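Listed here are the chains, written in short residue letters.
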Amino acid sequence: MRIKSSILVLVSVLLLVSLCPRPARAAPYEGYTYSYWGDAVQSPIAYLPSRAISGLEAGTGAWTAPGDLFVSAEGMLYVLDSGNGRIVVLDKEWNTLRVIEGFRNGEKKDSFNNPEGLFVTDAGRIYVADTENGRLVELDGTGTFVREIGAPKADVIGAGFEYFPRKVIVDKAGRIYVVGRGVYEGLIEFDSDGQFTGFMGTNKVQFDPVDLFWKSVSTKEQREKMVQFIPLEFNNADVDEDGFIYTTTVDKKTFSPIKRLNPSGIDVLRVGGEIPPIGDLSKDRSAFIDIDVTGNGVYRALDATRGRIFTYNEDGKLLYVIGQLGSQLGTFKNPAAVESYENAIYVLDRDLGRITEFTVTRFGSMVNEANTLYSSGKHDEAAKLWREVLKLDANYEMAYVGIGKSLLRQGEYKEAMTFLKLGNDREYYSKALGKYRREYMRDHFSIYMTGMIAMLLGGYVIVRLVKRPRKEGRVQDAVS
Amino acid sequence: MPFLKDIKYSLHVAMHPFDGFWDLKYENKGKLRMALGILLALTLTMIVKRQYVGYVVNYNHPLELNSINELKYIIFPFLLWCLANWSLTTLMDGEGKFAEIVITTGYALLPLILINIPNILLSNVITLREASFYHLLDALATLWFVWLLFIGTMTVHQYTVLKTITTMLLTLAVVGIIIFLGLLFFNLIQQIVSFVYTVYQELSLRG
């Protein structure tokens, strides 16, 4: 009887539990980050999808395979509707401001042919990489034609060079950098007058040792038919406030798919931790197709493999990951471009012809703010925020390191050691340990010194005591 | 106090290997239980080392530490070495018996304990800049161990220097062969078991 009734209770409880609706998932993706050991650990979600807009909703008609998105300094969204060869400009509230379908080039009407890249300068000039027409077009804010820049001309460029500009960026000094399709020599650089000045930055050539072996034993005819070892081309670029250029490459083998090029084209990206910024640490690696640099050296890279956006700080440490491939709001079918403005991230989906906006959560804004303070060296203010971050996510290693560094400055060496150990920062742990050790020895010098002297004296006395009888014994032996 | 005497003797072997190993073989001073005791102590030391070596030089993932692994890394190689060395030296006119080989190898392990225990303590108070001292001591322990093993093998089997070196290298090769045969054997057993099981399954499903 008792068993029966207890079974009944159990069944009814189970039924009730299964009937209760499960709490709605706040986001269609999981928040996570990577620990020092390379394990994916759960983390709160930093940005949540808030709204989305497609061409129909914007009142311009559907966008066909839009290729690029740009958010200007005023927060206006420039959508490059590649399939229709036009630019759609939206304001902050997502009202359509302007649609640039074509322009007057001298006497005749001109238009774009499948353009893939777009850039808007602070002055409001629009640069379009008019891919199939093989030129760059500069327009002013209202869509009036300013100039066009054709294919680069120089002796270093071979006769068979085909010019298909895919992406364009313009730095503060007006220098123009173009990512060309199939151009593995690097970025094509033009000066502000549109004169070709050279190629900048290249990826290193990578080859398989096995291929190299076969190549070395094969005949010339065979070799000519083999694949050449050429560096991989850049596929996207962005420029930061200081004029450094960030590039991405789809290369699932390298550990530097993201590069930060200085004016002479040398990669100066900082990699602080054990794990370089390569996205997911799984076998099927991430393929970065766009990069967006925000302030304070924070950059976001868009991964096409899983539709995720990885945000790194200036030390190359992963801050948070958002997004995923899927069909819900906040997931993508074929993401093409990422941009951010203030507290929002915008992602353009090429297949759906849609922009999704993500707004920052409490966790995300705390991490952003703490990281800003941290990278500008205000460790004590940052530490307060890092403590708040830890309340939401006890796995967040950067927060431990941040607090540890702050404690180290304040002279709380022992506590700093605890935090730096939790954050797995051996370098700063070692610094804290050194300071703590010195402090400890200074405080306890008298005890240890007394102890040492006592031990030395004691040792000496024992040695004397032990040795003397032996000597006598030996002497006696000798006598007898 | 025979135990204390054993310890004193094992220290004597570590400090004066030529003299020590000679006595070990011809005066029967080496004890099998002492050798096994050293092996056990070394295993414990290594477990402690993995867990408690200073954070600055400790790159072990705490979630992946497993004391059973020390069986794989210490006891198993020890037994393999003794077995391989014995199999080889019986064919190469070695004078050592199996027990002697075990005792010699066991006694040779002592420096690893002697150096590692203070080293663990030291590693907890050093910074990254001084970490090379830790690594130096670590390397010294290994060198000392190899030195003792070399002298031990030479004395026990009454070999010349060159022959000892060859024997030791060959022993490593034999260890490889034993592992290979072992894997082969287990693989075959596995195949047989799965074959028998399949036949059984087939019969039982048809019957």
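Residues numbered from 1 in each chain as written. Chains lettered and ligands numbered in written order. Predicted model: local features only at pLDDT ≥ 70, side-chain atom pairs only at ≥ 80, totals over all residues.

What about the UniProt feature "transmembrane region" (unreviewed entry) in chain B?
Here is step 1: Here, UniProt's "transmembrane region" (unreviewed entry) annotation points to residues 34–53, 73–91, 98–121, 133–156 and 168–189 of chain B.
Here is step 2: Span residues 133–156 of chain B is 100% helix and 0% strand, its end C-alpha atoms 34 Å apart. (UniProt positions renumbered as here; feature names shortened; annotations may be inferred. Helix = DSSP H or I, 4+ residues; strand = E, 2+ residues; numbered from the N terminus.)

Digging into the packing of helix α7 (residues 397–410) of chain A against helix α8 (residues 413–422) of chain A
Residues and elements named next belong to chain A.
Here is step 1: Between α7 and α8, the least distance of the axes is 8 Å, while the angle of their chain directions is 160°. The angle between α7 and α8 falls in the class roughly antiparallel. Along this stretch, α7 crosses α8, giving a crossing that reads as left-handed. Listed contacts from α8 to Y400, V401, I403, G404, L407 and L408 of α7 are Y413, E415, A416, F419, L420 and L422.
Here is step 2: The class makeup of the residues in the contact of α7 with α8 is ten nonpolar, one polar and one charged. (Axes fitted to C-alpha atoms, helices over the stretch in contact; angles between N-to-C directions. Parallel < 35°, antiparallel > 145°, perpendicular 65-115°, else oblique. Left-handed = near helix turned anticlockwise from the far one by under 90°. Contact = placed C-beta atoms within 7 Å. Nonpolar A, V, L, I, M, F, W, Y, C, P; charged D, E, K, R; others polar.)

What about the UniProt feature "domain: Yip1" (unreviewed entry) in chain B?
Here is step 1: Here the UniProt feature "domain: Yip1" (unreviewed entry) sits at residues 13–181 of chain B.
Here is step 2: The distance from the first to the last C-alpha atom of residues 13–181 of chain B is 35 Å, and the span holds 77% helix and 0% strand.

Description of the nonpolar core
One recurring pattern in soluble globular proteins is that nonpolar side chains are buried together.
Here is step 1: Of all hydrophobic cores here, the largest spans 107 residues; its most connected members are Y78 and V79 of chain A.
Here is step 2: Per element, the largest residue contribution to this core is seven residues, and it comes from α7 of chain A.
Here is step 3: Looking at which domains feed residues into this core, each of domain 1 (50–360) and domain 2 (381–443) of chain A supplies at least three.
Here is step 4: Discounting chain neighbours no more than four positions away, the residues touching Y78 of chain A are F70, S72, I87, V89, L118, V120 and I126 of chain A.
Here is step 5: Core analysis: the second largest hydrophobic core is formed by 28 residues, C82, L112, I151 and V156 of chain B among them. (Core = buried A, V, L, I, M, F, W, Y, C linked by C-beta atoms within 7 Å. Buried ≥ 20, exposed ≤ 12 C-beta atoms within 10 Å, placed from the backbone. Domains from an automatic or database assignment.)

Considerations on the interface of chain B and chain A
Here is step 1: Counting residues at the interface gives six residues for chain B and nine residues for chain A.
Here is step 2: A class-by-class count of the residues in the side of chain B that touches chain A yields four nonpolar, two polar and no charged.

Looking at the UniProt feature "transmembrane region" (unreviewed entry) in chain A
Here is step 1: UniProt marks residues 445–466 of chain A with the feature "transmembrane region" (unreviewed entry), using the numbering shown here.
Here is step 2: A distance of 31 Å separates the end C-alpha atoms of residues 445–466 of chain A, which is 100% helix and 0% strand.

So, the pairing of strand β21 (residues 288–293) of chain A
Successive side chains on a regular strand alternate, one facing one side of the sheet and the next facing the other.
Residue and element names in this part refer to chain A.
Here is step 1: Within β21, six of the six residues are buried, which leaves the element mostly enclosed by the surrounding structure.
Here is step 2: Note that β21 and strand β22 (residues 299–303) share five bridges and pair antiparallel. Each residue of the ladder has a partner; that of D290, found in β22, is L302.
Here is step 3: Between the end of β21 and the start of β22, which pair antiparallel, lie five residues, with N296 showing a positive phi angle near 60°. (Pairing = 2+ DSSP bridges.)

Quick look at the environment of L42 of chain B
All names here are of chain B.
Here is step 1: Along the chain, L42 falls in helix α3 (residues 32–52).
Here is step 2: Judged by the 22 C-beta atoms lying within 10 Å of it, L42 is buried.
Here is step 3: As a C-alpha pair, L42 and G106 span 64 residues in sequence and 9.7 Å in three-dimensional space.
Here is step 4: Every residue in contact with L42, bar those within four places of it in the chain, is listed here: I74, L109, L112 and I113.

Things to note about the sheet that holds strand β4 (residues 68–71) of chain A
Residues and elements named next belong to chain A.
Here is step 1: The strand order across the open sheet formed by four strands is β4-β5-β6-β7, and the pairing between neighbours is antiparallel. The sheet terminates laterally at β4 and β7 (96–100), the two strands that pair on one side only. Direction aside, the axes of adjacent strands within the sheet are offset by 15° on average.

Brief notes about the pairing of strand β27 (residues 354–360) of chain A
All names here are of chain A.
Here is step 1: Taken across its seven residues, β27 has six buried, putting it largely inside the fold.
Here is step 2: Bridge count for strand β3 (residues 47–54) against β27 is seven bridges, and the pairing is antiparallel. Within the sheet, the bridge partner assigned to R51 lies in β27 and is E357.
Here is step 3: Pairing geometry for strand β26 (residues 344–349) and β27, over six bridges, is antiparallel. Looking across to β27, one finds that D349 is bridged to R354.

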